[in-house]
Amino acid sequence: MSTKIVLLGTGTPGPDPARSGPATAIIVDGTPYLVDFGPGVVRRAAAAYQRGMTAFGAGVSRLRTVFLTHLHADHTAGYPDLILTTWIMGRQWPLEIYGPKGIRAMTNHVLQAWEIDIANRLHGMEKAPRSGNGVNPHEIVPGRVYTDANIRVTAFPVNHGEMDDAFGFRFETVDKTIVISGDTAPTPTLVENCKNCDVIIHEAYSLETYRKVSRKWQAYRRKYHTSSRELAELANKVRPGLLVLYHRANPGGGTKVANQEDVLLDEIRRLYKGDVVTGHDLEVF
Amino acid sequence: MPISSAAYDFLCVAVTAKLPVSTLGDLVTYVKSRTGELNWAAAPGAPYLTFLEFQRRAGTVMTYVPYKSSSQALPDLITGQIQLVISSLASALPLARDGQIKLLAVTTPERAAAAPDLMTAIEAGRPELTVEAPLGFFGPKTMPIELRERIADDVRALASDPAISQRLGGLGMVARGSTPVEYATTLAEQRSRWVALAQTFGIRPKR
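Our subject in this report is the structure included herewith. Worth saying up front: this structure is predicted, and the values here are computed from it rather than measured.

1. Observations regarding the overall build of chain A
Okay, step 1: Looking only at helices and strands, chain A has 10 helices and 13 strands in total.
Okay, step 2: Against the globule reference of 19 Å for 285 residues, chain A gives a C-alpha radius of gyration of 18 Å, in line with a compact fold.
Okay, step 3: Burial status across chain A gives 58% buried among its 285 residues.
Okay, step 4: For chain A, the proportion of contacts with a sequence separation of at least 24, taken over those separated by at least 6, is 66%.
Okay, step 5: As displayed, chain A has an accessible area near 11600 Å², and 53% of this comes from carbon and sulfur atoms.
Okay, step 6: Side-chain charges of chain A comprise 33 positive and 30 negative groups, with the mean position of each set lying 2 Å from the other.

2. Overview of the sheet that holds strand β11 (residues 199-204) of chain A
Residue and element names in this part refer to chain A.
Okay, step 1: Pairing within the open sheet is mixed, and its seven strands lie in the order β7-β8-β9-β10-β11-β12-β13. Edge positions in the sheet fall to β7 (143-147) and β13 (276-278), since each has one partner strand and no second. Strand-to-strand twist across the sheet, computed as the mean angle between neighbouring axes with direction ignored, equals 20°.
Okay, step 2: Alignment of β11 against strand β12 (residues 242-248), held across six bridges, turns out to be parallel. For H202, the partnering residue across the bridge sits in β12 and is L245.
Okay, step 3: Across the face of the sheet, helix α9 (residues 228-238) comes into contact with β11 and β12 while running at roughly 165° to β11.

3. Focus: helix α2 (residues 46-58) of chain B
All names here are of chain B.
Okay, step 1: Along its 13 residues, α2 runs 18 Å from first to last C-alpha, staying within 8% of the 18 Å computed at 1.5 Å per residue.
Okay, step 2: For α2, the tally of buried residues reaches 11 of 13 residues, placing the bulk of the element in the interior.
Okay, step 3: G59 sits one or two residues past α2 and shows a positive phi near 75°.

4. Brief notes about the nonpolar core
The nonpolar side chains of soluble globular proteins are, as a tendency, buried together.
Residues and elements named next belong to chain A.
Okay, step 1: The biggest cluster of nonpolar side chains holds 34 residues, and the ones touching the most others in it are L8, L34, F37, F56, Y79, L82 and I97.
Okay, step 2: Going through the elements one at a time, β1 (3-9), β2 (23-28), α1 (41-50), α3 (79-88), β5 (95-99), α4 (103-113) and α5 (115-123) are the ones with two or more residues in this core.
Okay, step 3: Top contributing element to this core by residue count: α3, with five residues.

5. Things to note about the interface of chain A and chain B
Okay, step 1: Across the contact, 20 residues belong to chain A and 18 residues belong to chain B.
Okay, step 2: Around 1500 Å² of area is buried between chain A and chain B when both sides are counted, 43% of it from carbon and sulfur atoms.
Okay, step 3: Taken together, the links from chain A to chain B amount to three salt bridges.
Okay, step 4: Across the salt bridge formed by R126 of chain B and D275 of chain A, the nearest N and O atoms sit 2.1 Å from each other.
Okay, step 5: Mapped onto the side of chain A that touches chain B, the elements with two or more residues apiece are α1 and β13 of chain A.

6. Notes on the packing of α3 of chain A against α5 of chain A
Angle between the axes and distance between the axes are the two parameters that describe a pair of packed helices.
Residues and elements named next belong to chain A.
Okay, step 1: One way to put it is that α3 packs onto α5 with a least axis distance of 12 Å and a crossing angle of 15°. Accordingly, the angle class assigned to the pair α3 and α5 is roughly parallel. Judged by the twist between their axes, the crossing of α3 over α5 is left-handed. Counting all contacts with α3, which are made through L84, W87 and I88, the residues of α5 involved are D117, I118, R121 and L122.
Okay, step 2: Here the contact of α3 with α5 is composed, by residue class, of five nonpolar, no polar and two charged.

7. Some points on α1 of chain A
Because the α-helix completes a turn every 3.6 residues, residues three or four places apart line up on one side.
Okay, step 1: Of the residues making up α1 of chain A, those classed as buried are V41, V42, R44, A45 and A48 of chain A. Projected down its long axis, α1 of chain A carries its buried residues within an arc of 160°, all on one side. Exposed residues lying more than 90 degrees from the buried face of α1 of chain A are R43 and Q50 of chain A.
Okay, step 2: For α1 of chain A, the elements touching its buried residues are β1, β2, β3 (31-35) and α3 of chain A together with α7 (180-200) of chain B.

8. Brief notes about a positive patch on the surface
Okay, step 1: A cluster of basic residues, R239, R270 and K273 of chain A together with K32 of chain B, forms a positive patch on the protein surface.
Okay, step 2: For K32 of chain B, a relative accessible area of 32% puts it in the partly exposed group.

9. Description of the sheet that holds strand β3 (residues 39-42) of chain B
Residue and element names in this part refer to chain B.
Okay, step 1: Sheet architecture is open: five strands sit in the order β4-β3-β5-β2-β6, paired in mixed fashion. Looking along the sheet, the strands with just one partner apiece sit at the ends: β4 (63-64) and β6 (101-106).
Okay, step 2: Examined bridge by bridge, β3 and β4 share two bridges and lie parallel to one another. From the neighbouring strand, N39 faces β4, where its bridge partner is T63.
Okay, step 3: Docked against the sheet, helix α3 (residues 70-79) engages β2 (11-16), β3, β5 (84-88) and β6, running at close to 135° with respect to β5.

10. Re the side chain of S192 of chain B
Okay, step 1: Structurally, the position occupied by S192 of chain B is in helix α7.
Okay, step 2: Aside from chain neighbours lying at most four places away, what touches S192 of chain B is A48, R51, G52, M53 and V284 of chain A.

11. Brief notes about the pairing of β3 of chain B
Look at any regular strand and the pattern is simple: side chains alternate between the two faces of the sheet.
All names here are of chain B.
Okay, step 1: Here β3 shows two buried faces, one formed by N39 and A41 and the other by W40 and A42.
Okay, step 2: With α2 bridging β3 and its parallel neighbour β4, the resulting β-α-β unit is right-handed.
Okay, step 3: Bridge count between β3 and β5: three bridges; the pairing is parallel. Among the inter-strand pairings, A42 is bridged to a residue of β5, identified as I86.

The rules behind the values
- Residues numbered from 1 in each chain as written.
- Chains lettered and ligands numbered in written order.
- Predicted model: local features only at pLDDT ≥ 70, side-chain atom pairs only at ≥ 80, totals over all residues.
- Heavy atoms only, no water.
- Helix = DSSP H or I, 4+ residues; strand = E, 2+ residues; numbered from the N terminus.
- Rg over C-alpha atoms; globule rule 2.2 N^0.38 Å.
- Buried < 20%, exposed > 50% of the residue type's maximum accessible area, 1.4 Å probe, protein only.
- Contact = heavy atoms within 4.5 Å.
- Areas by Shrake-Rupley, 256 points an atom, 1.4 Å probe, with all protein chains shown as cover.
- Lys, Arg positive; Asp, Glu negative; His and termini not counted.
- Charge placed at Lys NZ, Arg CZ, Asp CG, Glu CD.
- Pairing = 2+ DSSP bridges.
- Axes fitted to C-alpha atoms, helices over the stretch in contact; angles between N-to-C directions.
- Expected span 1.5 Å × (residues − 1).
- Core = buried A, V, L, I, M, F, W, Y, C linked by side-chain atoms within 4.5 Å.
- Buried area = accessible area lost by both parts, 1.4 Å probe.
- Salt bridge = Lys/Arg side-chain N within 4 Å of Asp/Glu carboxyl O.
- Parallel < 35°, antiparallel > 145°, perpendicular 65-115°, else oblique.
- Left-handed = near helix turned anticlockwise from the far one by under 90°.
- Nonpolar A, V, L, I, M, F, W, Y, C, P; charged D, E, K, R; others polar.
- Arc of directions from axis to C-beta.
- Patch = residues over 30% accessible without salt bridge, like charges linked within 9 Å, V, L, I, M, F, W, Y side chains within 5 Å.
- Right-handed = clockwise from strand over helix to strand, strands pointing away.

Structure, rendered in C-alpha cells:
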C-alpha cells in the first residue's frame, strides 16, 4: 500500500495565480481523498491527473470522499465546481462530504443556486445520470469521522478565532500518518493529534510580515493563525517526519506585495532543526 | 505503450570512506555545518531530483558535480574528490566490500538481497530518497491490449522464476512483473512526482 499527498492548493484568500485556494489530496492505493475545496480545486486536480496522478480520474470524476476543515470562503469557494464539474465530467456516485455544522445548508444552497443547470442536464439532451449530482453532507463532531479499508480519519477542534466549528484532521493509513492543521492559532489539540505523525501540513505566517501589517491585522493573525515561532514550538514538541508549510500569509496588501516564502522558512529553520519545506501547488509527498 | 515491469534496479547512497558518517541522519548533521563544502553526483533524472528533494527537506546545501553517469563518479568518490554519489547498488557494492567507499542506504522501499544489512531510506526516516526504477517492456502505440496482456502474463511468469530472480539479484536488481495497467499507473505516478519536483527546482526542458 502506498500513500501519496498531492498539494492542490496552498494559497490564502489572496487570488495568487500560483497558489490555488487550500485543497489537499491524499491518495491511498489509487483512491483519492480530498481535504478542503478552495477556488481552483478541480482544475488543479485535473492538472495533477494530466501529470500522472490517475487516481483523480479523467475530468476529476473519481472523487468520492471529501473532508472540510471549516466554512471560510477560501476553503469552500470551489464547492459548486467540485459538485457540478465532476458530475458533468462523468462522476457516477454522490460525493460524501464530512465537514462542520453548516455544510448541509451550504450544500443545499449550492444545489438550489444551480437548479436550472442541473435540471437542464438531467432532462435535456445530456441526460446526465442523477446519481452523480448527489451530495451527502455529514456534519461532524470531534472524534473518528471516517474509516474504510484504506484510511482512518480523526477530526479534532482547532482554534480559528470566532469560527466555532473549525477542524484539523489526522489521517492514518498503513504507511503514513498525516495531519492537516486547517486554519488555526496554536492549540493543545494539535499537539495531541500530531504525535507520531509522518507529515504535518500546517498554515503559518512569518513574524517579519506580521510586523508590517496594521495592529488590527496583527491582532487578527494572533487570534486566527499561527506564527513561525509558534509553529516551530509545535514541531519541536511533536517532531514530525516532515513539516510542510501551506496557507502562508502574505505580508499584507494582498497580491501587490511579493510573497516571501524564504523569509517564513528561514524563521522556522532558525528554531526547528527537523525537516521543513514550503509546499507549492501540485507537489507530491 | 507500457506492457509490464520486469525488474527494479536498486540505487544506493554511497559516500567516500573518509567521511565521518555512517547513517543518513549523520550525513544531515555533518552537512548542515558545512554549507556548500561537500560535493555530490547523481545520474540526471530521478536520482538527481530525488537527492535535491532530500536536501530541500533537510535544509542542507551540497555542491552538485555533473558526470555523464554515476558510475563515472565512483573513482572520484574513492579518492575523496567528491563526497557522495547516488549510485546503482551493483556498481557500488564491490567497492564498499573492499572498504573503498561506504554505503548509507538503499533507495528502494525494501532491502536488497545482495546487501541485507543495508537499511532503506524509508527505515532511515528519509522516504523522500526513495527512487523506484522500474525497468520494463514497452510496445508500439498500435499494439492491442490483448497482446500486451499476453506478453505481461509471460513476463510475470518469468519474474516469479527463482532462477531469474537469482540472476537479477546478482546484478543488484529485483524481478517484478505487472499488468499493463499497473505498469502504466506506476510510470504515471512517477512522472507526476518528477514533474512537480522539476517545477519546484525551476528545471525546464531545453527547446
